[in-house]
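What the coordinates show
What follows is the residue order along each chain.
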Amino acid sequence: AQSVTQLGSHVSVSEGALVLLRCNYSSSVPPYLFWYVQYPNQGLQLLLKYTSAATLVKGINGFEAEFKKSETSFHLTKPSAHMSDAAEYFCAVSDRLKTSYDKVIFGPGTSLSVIP
Amino acid sequence: DGGITQSPKYLFRKEGQNVTLSCEQNLNHDAMYWYRQDPGQGLRLIYYSQIVNDFQKGDIAEGYSVSREKKESFPLTVTSAQKNPTAFYLCASSARGRAYGYTFGSGTRLTVV
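Let me begin by describing the structure that accompanies this report.

Parameters at a glance
- Every chain's residues receive numbers from 1 upward, in the order its sequence appears when written.
- The lettering of chains begins at A and the numbering of ligands begins at 1, in the order of writing.
- The predicted nature of this model means local features are confined to residues of pLDDT at least 70 and side-chain atom pairs, given and counted, to a pLDDT of 80 or more, with totals for whole chains, interfaces and linings taken over all residues.
- Computation of side-chain values covers all heavy atoms of the structure but excludes hydrogens and water.
- Contacts were defined at the residue level, with two residues in contact if any of their heavy atoms lie within 4.5 Å.
- Buried area is a sum: the accessible area each of two parts loses on coming together, probed at 1.4 Å, counted once for each and added.
- Only one rule defines a salt bridge in this text: a Lys or Arg side-chain nitrogen within 4 Å of an Asp or Glu carboxyl oxygen.
- We call two N or O atoms a polar contact when they sit within 3.5 Å, provided that within protein one can donate a hydrogen and the other can accept it, with sequence-adjacent residues counted only if both atoms are side-chain atoms.
- Helical segments are the DSSP runs of H or I of at least four residues, strand segments are the runs of E of at least two, and each set is numbered from the N terminus.
- In the scheme used here, Gly and all other residues not listed as nonpolar or charged are polar, with Ala, Val, Leu, Ile, Met, Phe, Trp, Tyr, Cys and Pro taken as nonpolar and Asp, Glu, Lys and Arg as charged.
- Ring pairs are drawn from Phe, Tyr and Trp, using the six-membered ring of Trp, whenever the two centres fall within 6.5 Å, and their geometry is named by plane angle: stacked under 30 degrees, edge-to-face over 60, tilted for the rest.
- The buried label goes to any residue with under 20% of its type's maximum accessible area, the exposed label to any with over 50%, and the partly exposed label to all in between, with areas taken from a 1.4 Å probe on protein chains only.
- Here a cavity is any set of points on a 1 Å grid over the protein atoms alone where a 1.4 Å probe fits but cannot get out, and a pocket is any open set with protein on both sides within 12 Å along at least 5 of 7 lines; a residue lines the site when it has an atom within 4 Å of a point.
- Grid points are joined across faces, edges and corners, and a volume is the space filled by probe spheres set on the points.
- Take the buried Ala, Val, Leu, Ile, Met, Phe, Trp, Tyr and Cys residues and link them wherever side-chain atoms come within 4.5 Å; each set so joined is a nonpolar core.
- The disulfide criterion used throughout: a pair of cysteine sulfur atoms within 2.5 Å.

1. Considering the interface of chain B and chain A
Contacts between the two partners involve 23 residues from chain B, matched on the other side by 24 residues from chain A. Taken together, the two surfaces of chain B and chain A that pack against each other cover about 1,900 Å², and 49% of this comes from carbon and sulfur. Across the chain B-chain A interface, the total number found is zero salt bridges. At the junction of chain B with chain A, the criterion picks out five residue pairs in polar contact (both at pLDDT 80 or more). The set of elements that each furnish at least two residues to the side of chain B that touches chain A consists of β4 (31–37), β5 (43–51) and β9 (87–94) of chain B. Considering each element in turn, the side of chain B that touches chain A owes the most residues, four residues, to β5 of chain B. Considered class by class, the residues forming the side of chain B that touches chain A number twelve nonpolar, seven polar and four charged.

2. Concerning the packing of aromatic side chains
Scanning all chains against the criterion turns up 16 aromatic pairs over all chains. Ring geometry for Tyr33 of chain B and Tyr102 of chain B: centres 4.1 Å apart, planes at 25 degrees, overall stacked. Of this pair, Tyr33 of chain B sits in strand β4 while Tyr102 of chain B sits in the loop between β9 and β10 (103–104), placing them 69 residues apart in sequence. What makes Tyr33 of chain B buried here is its relative accessible area of 0%. By way of ring pairs, the aromatic residues Phe34, Tyr36 and Phe106 of chain A together with Tyr33, Tyr35, Tyr102 and Phe104 of chain B are connected into one cluster.

3. So, the layout of surface pockets
The volume enclosed by the largest pocket comes to roughly 450 Å³. In terms of lining, the largest pocket is formed by 23 residues, of which the most central are Gln38 and Glu88 of chain A together with Gln37, Asp38 and Pro39 of chain B. Of the residues assigned to the lining of the largest pocket, the class counts are nine nonpolar, eleven polar and three charged. Of the voids in this model, the second largest pocket is the one considered here, and its volume is about 220 Å³. Contributing to the lining of the second largest pocket are 14 residues, with Ile105 and Phe106 of chain A together with Leu43, Arg44 and Asp59 of chain B lying nearest its centre.

4. A word on the nonpolar core
In a soluble, globular protein the nonpolar side chains are often hidden away together inside. Counting residues in each nonpolar core, the largest one holds 26 residues, and the members touching the most others are Trp35, Leu48, Phe74, Leu76 and Tyr89 of chain A. Counting only elements with at least two residues in this core, the list comes to β2 (10–14), β3 (19–21), β5 (32–38), β6 (44–50), β8 (64–68), β9 (73–78), β10 (87–94) and β12 (110–115) of chain A. Of all hydrophobic cores here, the second largest spans 20 residues; its members include Leu21, Trp34, Ile46 and Ala61 of chain B.

5. A short note on the state of the cysteines
Summed over all chains, the structure comprises two disulfides over all chains. Here Cys23 of chain A connects covalently by a disulfide to Cys91 of chain A, the sulfurs 1.9 Å from one another. On the sign convention where negative means left-handed, the S-S torsion of about -60 degrees between Cys23 of chain A and Cys91 of chain A marks this disulfide as left-handed. Here the residue Cys23 of chain A occupies a position in the loop between β3 and β4 (24–25), and Cys91 of chain A occupies one in strand β10, the gap between them amounting to 68 residues. One disulfide bridge connects Cys23 of chain B with Cys91 of chain B, the sulfur atoms lying 1.9 Å from each other. Taking the sign of the torsion about the S-S bond as the criterion, the disulfide between Cys23 of chain B and Cys91 of chain B, at about -75 degrees, is left-handed. With Cys23 of chain B in strand β3 (residues 19–25) and Cys91 of chain B in strand β9, this residue pair connects regions lying 68 residues apart in the sequence. Grouping residues by exposure puts Cys23 of chain B and Cys91 of chain B together as buried.

Next comes the structure, spelled out in structure tokens:
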């Protein structure tokens, strides 16, 4: 069964430093891949998605992610962290293979703290 | 603007009481979902619906019920059978097809008093 892992339940970075949030998926067939952000007491917002076009995907708020098939990874990066980036980040996958419904599987999430 | 509206934002339930959480979307999406979020446990799927008048249990459906009488609406009832209902509830919708991902509402925080 498809699964997604996020290394590090909590990541702290200094303001202005590189943000790197890790995501790995399990399937042998590259899935559709998504990153979502959740601010406190709010719903999830789509940051970016990979659907098989360019392997480097640019999203909102200066974030980008690179799909690496050989590493089954889809890590999220941002060159310079801002205080407003502090939030929970979820990686998600959706199989390209037919199953009973259009299921999206969410990772456990990574909480990002930005230190002034 | 199109989106998903969840109401109320905050809800308090007494022991033994049923409560209903509202979820409405104007995105013309076929599929709708309910998730429960607890601290440190990520998102857990309660129910989903791919089409009007049809819905399926997710991973933690016990103590919950749903209906899908209209494409735009997917209300969730938390029944008295749900022993630990205090949580943050998220509704989502999606167009058919796996490449679209989900659009989420802003959530309802339910607390048992």
